[in-house]
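# Chain and residue survey
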Amino acid sequence: MELVAGVQHAMGLGVAVLMYALLRSRGLPGWGATLATLPVLFDPSFVRLEHAILSDLQAIFLVMAALLVLGRREEVTARAAAGAGLLLALAGLTRTAAVPLIGLAALWLLLRRGRRRRAAVLLVAGALPLLAYAGWYERHHDRFALSGSDGVALWARTMTFADCSVIQPPPAEARLCPNGTVMDAASEYVWAPGASLNLLPGDRFAHNDLARSFALRAIAAQPLDYLRQIAGDTALAFTWEPVPHPDRMTPTSTFPYGVWTVPDNELVRAVRADYDPDIRGMRSVEPWGSVLAAYPYPWFLHGTLFGVLLLAGAAGSVGRRRPALLPWVFAAFLLVAPVAALDFDHRYVLPAIPPGCVAAALAVHGIPRSRYRAAGDERTTVNM
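- Per an unreviewed UniProt entry, the chain is named Phospholipid carrier-dependent glycosyltransferase, and its organism is Nonomuraea harbinensis.
- The UniProt entry for the chain carries the following comment under Subcellular location (unreviewed entry): "Cell membrane".

## Side note on the nonpolar core
- Formed by 71 residues in total, the largest nonpolar core has its most connected members in Leu23, Met64, Leu70, Leu122 and Phe330.
- In contact with leucine 70, other than residues within four places in its own chain, are Val76, Ala80, Ala81, Ala84, Ala105, Trp108, Leu122 and Leu326.
- Of all hydrophobic cores here, the second largest spans 21 residues; its members include Ala192, Leu200, Ala211 and Leu342.

## Description of the confidence of the model for the chain
- Averaged over every residue, the pLDDT of the chain is 88; residues scoring 70 or more account for 93%.
- Note on residues 370-384: pLDDT under 50 across the span, and three contacts to partners over four residues away in sequence or across chains.

## What to know about the pattern of salt bridges
- Overall, the coordinates contain 11 salt bridges when judged by the stated rule.
- In this structure, glutamate 74 and arginine 26 form a salt bridge, with 2.8 Å as the shortest nitrogen-oxygen distance. Taken together, the positions of glutamate 74 in the loop between helix H4 (56-71) and helix H5 (78-94) and arginine 26 in the loop between helix H1 (2-25) and helix H2 (30-42) put the pair 48 residues apart, joining distant regions of the chain.
- Relative accessible area serves as the criterion here: at 25%, arginine 26 is assigned to the partly exposed category.
- Notably, a salt bridge pairs aspartate 233 with arginine 157, separated by 3.0 Å at the nearest N-O pair. A residue pair is termed long-range when its members are at least 10 positions apart, and aspartate 233 in helix H13 (residues 223-234) and arginine 157 in helix H8 (residues 150-158) qualify at 76 residues. Across the pair, arginine 157 and aspartate 233 agree in class, each one buried.

## Concerning the UniProt feature "transmembrane region" (unreviewed entry) in the chain
- As annotated by UniProt and renumbered to match this structure, "transmembrane region" (unreviewed entry) occupies residues 52-70, 82-111, 118-137, 299-318, 325-342 and 348-367.
- The span residues 118-137 carries 100% helix and 0% strand; its end-to-end C-alpha distance comes to 29 Å.
- The span residues 325-342 is 94% helix and 0% strand, and its two end C-alpha atoms sit 26 Å from each other.

## Concerning unusual backbone geometry
- Look at the link from histidine 245 to proline 246: it is a cis peptide, with omega at -5°.
- The residue proline 246 is located in the loop between H13 and strand E1 (259-260) in this model.
- In the segment running from glutamate 286 into proline 287, the intervening peptide bond is cis, with an omega of 0°.
- Within the fold, proline 287 resides in the loop between strand E2 (282-283) and helix H15 (288-293).
- Phi angles above zero are rare outside glycine, and glutamine 168 is one such case at about 50°.
- Relative to the helices and strands, glutamine 168 resides in the loop between helix H9 (164-167) and helix H10 (171-174).

Procedures and definitions
- Residues numbered from 1 in each chain as written.
- Predicted model: local features only at pLDDT ≥ 70, side-chain atom pairs only at ≥ 80, totals over all residues.
- Heavy atoms only, no water.
- UniProt positions renumbered as here; feature names shortened; annotations may be inferred.
- Core = buried A, V, L, I, M, F, W, Y, C linked by side-chain atoms within 4.5 Å.
- Buried < 20%, exposed > 50% of the residue type's maximum accessible area, 1.4 Å probe, protein only.
- Contact = heavy atoms within 4.5 Å.
- pLDDT = per-residue confidence, 0-100.
- Salt bridge = Lys/Arg side-chain N within 4 Å of Asp/Glu carboxyl O.
- Helix = DSSP H or I, 4+ residues; strand = E, 2+ residues; numbered from the N terminus.

Quick look at the structure:
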């Protein structure tokens, strides 16, 4: 655990270095590039993430490395496109939500004066590792895929709005219709014992394909309801103070202090059975526990401020130059995709913050430069 935390702390610092290098390469002054990295360096949520045995930080590091490779020069070479495709493929293998970033990056290259060859190189470099992994997965799990839980997650997402009188699923899928079990968050349906999927014989993930088929049918029949749920849950990212979601969770950005036992519930029992029967609780370790518990972030990145940063990045993604387009698209996708595929979680917001900060910095930096250039053009015209 100590080794994992140490490596992830180094990656957390690495994310800030990647952001700084990218912004400096695009002409930002040192103070401006440093300011954009402050949320990653000092937000307790990122420090907490570095202590967790989760895939998020590695995926964030790989995505930011890909952005640096693509954005540090005006002209993207074939080598840079291949490197970015490989980095994004590794990010996708770390967290499958990052896989579509490969297509978004290729589309961005096509928008840059039709760089078809560069886009093709990026797509091939990104696709090969994914295909190789899917082939390995098929050999061990009898299905050509990157994951065996995507259908279950999407089914849970639809449980907040699905109406089978509108969907009219076939008999096999009708068994997955809402059965009266009501949870306060979509993700809770995955584990709710009374949910329709969990009443079917066998393990819930054994019905992954059936769940995906039902979910896609529900989305096609009720697209506006689906979009309404996505918009409502995504909006939770922009509240001034974090809100509980689901209600049993208490959102916090600070470090707890004390001793915690492992609760006895279905999820913990399943994890013990599948991974480690000796899972124990946690405790603070002195003197570091007291230091971290007392650590305040001097300028906490409230959700509302994050929304302002995204709006700034969006403003820098339009027009002829579009300096913030690629990092802003990455940030927006990383924010919305987990909500669309399963549910909102405060942890899922964190991968969107580094590219969102980069996009905002590029957008703000582009304003005075554009005005200065326009003023210079006017002076040149008068002198001529």
